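Observations on the three-dimensional arrangement
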Amino acid sequence: MRERSERTNGHSSTDGIRVAALDDIPEGEGIAIDKAITGTADDIALLRDTDGSVWALDDTCTHEDASLADGWVEDGYVECPLHSSKFCLKNGEVQGLPATRSTCPHRVEVRDGEVYLFPGQAP
Amino acid sequence: MRVVVVGGGVAGVSTVAALRAGGFDGDLTLVDAGEFPYDRPPLSKDYLAGSKDLEQIALQRPHWYDEQGVRLLTRTTVTALRTPDGGIELGDGTLLPADRVVLATGGGAARPPIPGAVGDRVHVLRTAEDADRLRAVLVPGARILVVGAGLIGAEAASTAVDLGCEVVLADPVAMPLAAALGEDLAAWLHGLHARRGITTLRAGIASFAETGDGVEASFAGGVEASFAGGVEPRTSDAAALGAVARAERLRAFDAVVLGVGMTPQTALAEAAGLDVDGGVLVDAGQVTSNPAVLAVGDGARTRRGPRVEHWEAAQHDGARAAATILGTPAPEPPAPWFWTDRHGRHVEVVGHMDAADQIIVRGSFEDPSFSVFGLRDGLVVAAAAVDDSTAVRAARRMIDRRIPADPARLSDPSVNVRVLLRG
């Protein structure tokens, strides 16, 4: 899957995959990147914190089938749109019920206003 | 210090988690009567439908208790409080010492004193065992009467119709949840049932009677019927009652589900001489009339207000109880919040809609998603949303932070609701 992503995007894994322009992601919101692009088992949520920083987590909430990209991003956390489970943007750690399992973080870089994703790499 | 928490619902598990998160390093025990602590909201939805099993609705993963240094006693009942001298007494006679006991005993499903309401075909829905028993009868074509159209009853009715049952939903209240949602949204939400083919009756139940092939219900008082299949709602009159009586399929059922609320389990507290009045009475720090005993969740009630039965309220109770035990400031509770999932729609409510003096509708009830805001003196006091959780999260912050709202912008779906937080 990774190879297909590289072909699709024309980047090697050392450069990351260019997945969005920074301006595509409003502060406090997120967008989902299709797993066909990232080559991962789950879609990846690109999440922009209220301080402007960008983070990436597996998109599906570990509690029920909801997209974290549709969640509320604020002060270092994303809140699931369905039942308000909260996950730390930096490391995916779950903070309180109803979710009980953490989600997977991925490394992101912003270069020249473009967002590059490194699926499977730790931030 | 030794703390024992009695009851493994969301209040009990949240208490334990908040104690450890707050740095409690003492002896910590959680006593639960069930197989293991599990989450209750899915019992009327995914679990009842059979799409999730008990492990999938566990409140914590099995190894979490070890990681947190929590001694978990399952399938264990508590028979008496001996605090502050001896802690608690378990069903097998063991005395478990404790310096503080937290009662998180929750409630039991209410069984109203309706004649015939204790038969094998009459179900309640509070525990996984209840859901297992009910699921066995929710087969395609089964005739199911659901009594009570609040949260549990409405969700059970939705699940039953999903499973192919023929469902009748009866409630004496014209618009269930009207206080929480406002009348228009409550009417819309209740109307979903009829649109899914459920026959809704405005009626109470006078009695149940077992017959050869089912249970027969006698409806009390004037019945208002809104029949599935395009027949318009009828007003309350003898003709409507007659229509019900004539339709035999509306009278004999394979099973009845009572979704008529819960009764707080206060027997332990009462036997120990604690103050109890519609719940174990607690102060703002969840402390009961015995300083060594705290109470949280559905079974507890503050002296200031009514008992609250919502999932998140139980979680906040646990956080407050933990703060009391730790001697740290209690977290400020945010505006109350709850959700219901039915007929494929996700509905969330925050705040107190019945306190509003102005109602703002954002979008239209015909839209895939929409929301309703309740304002009082220009401030948001409540919001209810259908498939629009962002509006509810924004509203919650507007309520908690007392951010003034501009009704014109609030009602305009093209204005990003997050922007409204900036005032």
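Residues numbered from 1 in each chain as written. Chains lettered and ligands numbered in written order. Predicted model: local features only at pLDDT ≥ 70, side-chain atom pairs only at ≥ 80, totals over all residues. Heavy atoms only, no water.

- With an unreviewed UniProt entry as reference, chain B is termed NAD/ferredoxin-dependent reductase-like protein, source organism Nonomuraea polychroma.

- An unreviewed UniProt entry annotates chain A as 3-phenylpropionate/trans-cinnamate dioxygenase ferredoxin subunit of Nonomuraea polychroma.

1. Observations concerning unusual backbone geometry
- Unusually for a residue other than glycine, A:Asp75 sits at a positive phi of about 50°.
- Judged by its relative accessible area of 57%, A:Asp75 is exposed.
- A positive phi is found at B:His343, a non-glycine position, where the angle reads about 50°.
- Within the fold, B:His343 resides in the loop between strand E20 (337-342) and strand E21 (345-351).
- By relative accessible area, which is 11% here, B:His343 ends up buried. (Buried < 20%, exposed > 50% of the residue type's maximum accessible area, 1.4 Å probe, protein only. Helix = DSSP H or I, 4+ residues; strand = E, 2+ residues; numbered from the N terminus.)

2. Things to note about the sheet that holds strand E7 (residues 86-88) of chain A
- Overall, antiparallel pairing links the 3 strands, which are arranged E5-E6-E7 (chain A) in an open sheet. Lying at the two open borders of the sheet, with one neighbouring strand each, are strand E5 (72-74) and E7 of chain A. Ignoring which end each strand starts from, the neighbouring axes of this sheet average 20° apart.
- Sheet topology note: the strand E6 (residues 77-79) of chain A/E7(A) ladder contains 3 bridges and is antiparallel. Across the sheet, residue A:Val78 finds its bridge partner in E7(A), namely A:Phe87.
- Along the sheet, helix H11 (residues 389-400) of chain B makes contact with E5 and E6 of chain A, crossing E5(A) at roughly 40°. (Pairing = 2+ DSSP bridges. Axes fitted to C-alpha atoms, helices over the stretch in contact; angles between N-to-C directions. Contact = heavy atoms within 4.5 Å.)

3. Comments concerning the packing of helix H1 (residues 10-21) of chain B against helix H10 (residues 311-326) of chain B
Residue and element names in this part refer to chain B.
- Look at H1 against H10: their axes get within 7 Å of each other, and the N-to-C directions meet at 40°. Here H1 is positioned oblique relative to H10, judged by the angle of their axes. Once H1 is placed against H10, the crossing between them reads as right-handed. Mapping the contact onto sequence places Val10, Ala11, Ser14, Thr15, Ala18 and Leu19 in H1 and Trp311, Ala314, Gln315, Gly318, Ala319, Ala321, Ala322, Ile325 and Leu326 in H10.
- Class assignment for the residues of the contact of H1 with H10 results in 11 nonpolar, 4 polar and no charged. (Parallel < 35°, antiparallel > 145°, perpendicular 65-115°, else oblique. Left-handed = near helix turned anticlockwise from the far one by under 90°. Nonpolar A, V, L, I, M, F, W, Y, C, P; charged D, E, K, R; others polar.)

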